[in-house]
Amino acid sequence: MDNQALTKLVQTISREKFQRPFKHQAIFNSRLRTTGGRYHLADHHIDINPKILTYYGQAELIGVIIHELCHYHLHLTGQPYQHQSQAFRRLLAQTGGSRYAPPLPKTNHQQKVEVYQCRQCQRKYFRQRKLNLDRYACGRCGGKLTHIATYRQSKSKVS
């Protein structure tokens, strides 16, 4: 399913469940990690996490779309659209949308670690970003730093 087909699906669901048109755009946003979708207040478009469709199928995708359409229609009609509002909870119950997105599988995201060493005292420094070696020096002795290695590790604290 592409963005154009997603927008048509959202328009169909909006007409059937809310009896109102969806006049904006719905797109897949693969940068969403912990949420199933997002409604944007500024330009009224809806982002949907493509992992919902991949891992859970179209039935769960429709539940997430209904949830975001509740935010959409309440906001456009000037009613409270936040999760804690009674209007939102009532509309969500009437339309049969998902209250929460299903848990998404964790991605094994790895981060780069840059390793530097002082030429004088041999102290090692671990950084996530590259350093300008002309600008930085050892904090212990003031000696010049040398880049030793770059490696990837799973996302955890580097000592």
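Look above for the structure.
First, a word on what this report is: a plain description of the structure on this page. (Residues numbered from 1 in each chain as written. Predicted model: local features only at pLDDT ≥ 70, side-chain atom pairs only at ≥ 80, totals over all residues. Heavy atoms only, no water.)

## Some words on the sheet that holds strand β1 (residues 26–28)
Where we set the bar: By definition, two strands form a pair when at least two bridges between them are found by DSSP. In DSSP terms, a helix is any run of H or I states spanning at least four residues, a strand is any run of E spanning at least two, and both are numbered starting from the N terminus. Comment: axis = line fitted to C-alpha atoms, over the contacting stretch for helices; angle = value between 0 and 180 degrees taken between N-to-C directions. Contact between two residues is taken to exist if any of their heavy atoms lie within 4.5 Å; hydrogens are not considered.
Strand order across the open sheet formed by 3 strands is β1-β3-β2, with mixed pairing between neighbours. Here the strands that pair on one side only, and so sit at the sheet edges, are β1 and β2 (37–39). Neighbour-to-neighbour, the strand axes of this sheet turn through a mean angle of 15 degrees, independent of strand direction. Bridge count for β1 against strand β3 (residues 46–48) is 3 bridges, and the pairing is parallel. By the bridge assignment for β3, Phe-28 is matched with Ile-48. Taken strand by strand, helix α1 (residues 3–18) contacts β1 and β3, and its axis lies near 135 degrees from that of β1.

## Concerning the nonpolar core
Generally speaking, nonpolar side chains in soluble globular proteins are found buried as a group. To keep it simple, the criterion reads: Throughout, nonpolar core names a set of buried Ala, Val, Leu, Ile, Met, Phe, Trp, Tyr and Cys residues whose side chains join them through atoms within 4.5 Å. Accessibility here uses a 1.4 Å probe with only protein chains present; expressed as a share of the type maximum, an area under 20% marks a residue as buried, one over 50% as exposed, and anything in between as partly exposed.
Counting 25 residues, the largest nonpolar core has Ile-48, Ile-65 and Leu-69 as its most contacted members. At the level of elements, α1, β1, β3, α3 (58–76) and α4 (86–95) are the ones that each hand at least two residues to this core. A per-element tally of this core places α3 first, with 8 residues. Filtering out sequence-adjacent residues up to four positions away, Ile-65 remains in contact with Leu-6, Leu-9, Val-10, Ile-13 and Ile-48. Counting 5 residues, the second largest nonpolar core, distinct from the first, contains Tyr-116, Tyr-125, Cys-138 and Leu-145.

## Examining the packing of aromatic side chains
Selection criterion: Geometry of aromatic contacts follows a simple scheme: Phe, Tyr and Trp rings, the Trp one being its six-membered ring, pair when their centres are within 6.5 Å, and the pair is stacked under 30 degrees between planes, edge-to-face over 60, tilted otherwise.
Evaluated as defined, the whole model comprises 2 aromatic pairs. Taken together, a centroid distance of 4.8 Å and an interplanar angle of 55 degrees make the contact between Phe-22 and Tyr-72 tilted. Of the two residues, Phe-22 sits in the loop between α1 and β1 while Tyr-72 sits in helix α3, which places them 50 residues apart along the sequence. Since its relative accessible area comes to 1%, Tyr-72 is described here as buried. Ring geometry for Tyr-39 against Tyr-72: centres 5.8 Å apart, planes inclined by 85 degrees, an arrangement best described as edge-to-face. Of this pair, Tyr-39 sits in strand β2 while Tyr-72 sits in helix α3, and the two are 33 residues apart along the sequence. Here Tyr-39 and Tyr-72 have matching classes, each one buried. Among the aromatic residues, those joined into a ring-pair cluster are Phe-22, Tyr-39 and Tyr-72.

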